[in-house]
Amino acid sequence: MTTEIKISLYEQDYQLWLDQTLVQLRTGDFNNIDLENLIEEVESLGKSDKHAISSYLMRLFEHLLKLKYWESEREMCLRGWLVEIANFRIEIEKRLETSPSLKTFLQDNFAKQYKNGRKLFLQASNLDPRSIPEQPCFTLDRALDENWLP
């Protein structure tokens, strides 16, 4: 007896599945849409944006801490840190422009991402953790302000 495994278009050729789903949506062919995979894709879009913006915020905090506290590396690394800070701010701003509601998500995750950024900073710098505040010494708005540096 042969067991036949049906592989969906989604699993066979994602891009073709995507193109077909877009055509079905545009033409109103809702009866033939692969709804299960479409729902999964829409859910993953939101998770992806939240993950990206959290990651940028964490890295922004890491570099703000480098700028403020890592004196021994400042002269050699300053330009790179400033470029990274600008880059992370730009990436966060781009996501906030297309999804302003992510600002609330950023505010809710501010402390967590500061903690993560602090952890990365401490690993990189090998400075005494007691010398770096466990709580942020700046607000989210300040961290995102392109004209502010610690």
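In this text the structure is predicted, and so the values were computed from the model without any measurement.

Here is what the cut-offs are and how they apply
- Residues numbered from 1 in each chain as written.
- Predicted model: local features only at pLDDT ≥ 70, side-chain atom pairs only at ≥ 80, totals over all residues.
- Heavy atoms only, no water.
- Helix = DSSP H or I, 4+ residues; strand = E, 2+ residues; numbered from the N terminus.
- Axes fitted to C-alpha atoms, helices over the stretch in contact; angles between N-to-C directions.
- Parallel < 35°, antiparallel > 145°, perpendicular 65-115°, else oblique.
- Left-handed = near helix turned anticlockwise from the far one by under 90°.
- Contact = heavy atoms within 4.5 Å.
- Nonpolar A, V, L, I, M, F, W, Y, C, P; charged D, E, K, R; others polar.

Draft legend 1. Molecular detail of unusual backbone geometry. Even without being glycine, Asn-126 reaches a positive phi, approximately 60°. Mapping Asn-126 onto the fold places it in the loop between helix H5 (102-125) and helix H6 (140-144).

Draft legend 2. Up close: the packing of helix H3 (residues 35-69) against H5. Running from N to C, H3 and H5 point in directions that differ by 50°, and their axes come no closer than 7 Å. It follows from the interaxial angle that H3 and H5 lie oblique. For the pair H3 and H5, the crossing hand works out as right-handed. Here H3 contributes Asp-49, Lys-50, Ile-53, Ser-54, Leu-57, Met-58, Arg-59, Phe-61, Glu-62, Leu-65, Lys-66 and Tyr-69 to the contact with H5, which in turn contributes Leu-102, Phe-105, Leu-106, Phe-110, Gln-113, Tyr-114, Asn-116, Gly-117, Arg-118, Leu-120, Phe-121 and Ala-124. Taken together, the residues that form the contact of H3 with H5 break down as 14 nonpolar, four polar and six charged.

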